[in-house]
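# Secondary and tertiary structure notes
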Amino acid sequence: MSFTLRSVKVPPNSASLEEARARVFDFFRTACRSIPQIVEIYNLQDVVTVSQLRSTIASEIRKNSNITNPKVIDLLLFKGTEELSNITEHAKQRHHLIGQYVVGQQGLVQDLDTKDQGISEFLKNFYKSNYF
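By the naming in an unreviewed UniProt entry, the protein is NADH dehydrogenase [ubiquinone] 1 alpha subcomplex subunit 6, taken from Hevea brasiliensis. UniProt, in the comment section headed Subcellular location (unreviewed entry), describes the protein in these words: "Mitochondrion inner membrane". Listed under Sequence similarities (unreviewed entry) in UniProt, the entry text for the protein is "Belongs to the complex I LYR family."

Right, here's the structure in full:
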């Protein structure tokens, strides 16, 4: 399963922006095709669906849609390819994937209003400071 991605290498430089865009689309297709295997390897069926992971990958790619330098795009593509190969070769653990791609960068949503009801202003300021 994971040996199919070992042969995928990113060439060092794209000649133009169009070539870099084509490589990004190829990477997206490769990543989307490997999602069912990733869900099976890490037993993520109870946590996330294939379509949710696909939309997470698309949003990660769209975050960098404003970049127009082909060298920067190639660097990001290389980093994405390495991340995908680490995931398919089982170099990460299940909670790493859940934390990075299921829960997201914001972390778990917590209700802070109910916690802060009985705390004094001194403690609130103390918890906000760098001493905690």
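With their axes 10 Å apart at the nearest point, helix α1 (residues 17-41) and helix α2 (residues 50-62) run at an angle of 150 degrees to one another. When the axes of α1 and α2 are compared, the pair comes out roughly antiparallel. Judged by the twist between their axes, the crossing of α1 over α2 is right-handed. Contacts between α1 and α2 pair V24, F27, F28, A31, C32, I35 and V39 from the former with V50, L53, R54, I57, A58 and I61 from the latter. Split by residue class, the contact of α1 with α2 holds twelve nonpolar, no polar and one charged.

Below, the discussion takes up the pattern of salt bridges. In a structure, side chains of opposite charge can pair up when their charged atoms sit close to one another. Counted under the stated rule, the structure contains six salt bridges. E19 is paired through a salt bridge with R23; the nearest N and O atoms lie 2.6 Å apart. You can see E19 and its partner R23 sitting in helix α1, four residues apart, about one turn around the helix. Assessed through its relative accessible area of 16%, R23 is described here as buried.

Attention shifts here to the packing of α1 against helix α3 (residues 70-88). Relative orientation of the contacting elements α1 and α3 amounts to 15 degrees, with a least axis distance of 10 Å. By the criterion of interaxial angle, the relationship of α1 to α3 is roughly parallel. Seen from above, α1 lies across α3 with left-handed handedness. In this structure, α1 uses L17, A20, R23, V24, F27, T30, A31, S34, I38 and I41 to contact α3, whose residues at the interface are P70, I73, D74, L77, G80, T81, L84, I87 and T88. Looking at the contact of α1 with α3 residue by residue, the classes come out as twelve nonpolar, five polar and two charged.

What counts and what doesn't
Residues numbered from 1 in each chain as written. Predicted model: local features only at pLDDT ≥ 70, side-chain atom pairs only at ≥ 80, totals over all residues. Heavy atoms only, no water. UniProt positions renumbered as here; feature names shortened; annotations may be inferred. Axes fitted to C-alpha atoms, helices over the stretch in contact; angles between N-to-C directions. Helix = DSSP H or I, 4+ residues; strand = E, 2+ residues; numbered from the N terminus. Parallel < 35°, antiparallel > 145°, perpendicular 65-115°, else oblique. Left-handed = near helix turned anticlockwise from the far one by under 90°. Contact = heavy atoms within 4.5 Å. Nonpolar A, V, L, I, M, F, W, Y, C, P; charged D, E, K, R; others polar. Salt bridge = Lys/Arg side-chain N within 4 Å of Asp/Glu carboxyl O. Buried < 20%, exposed > 50% of the residue type's maximum accessible area, 1.4 Å probe, protein only.

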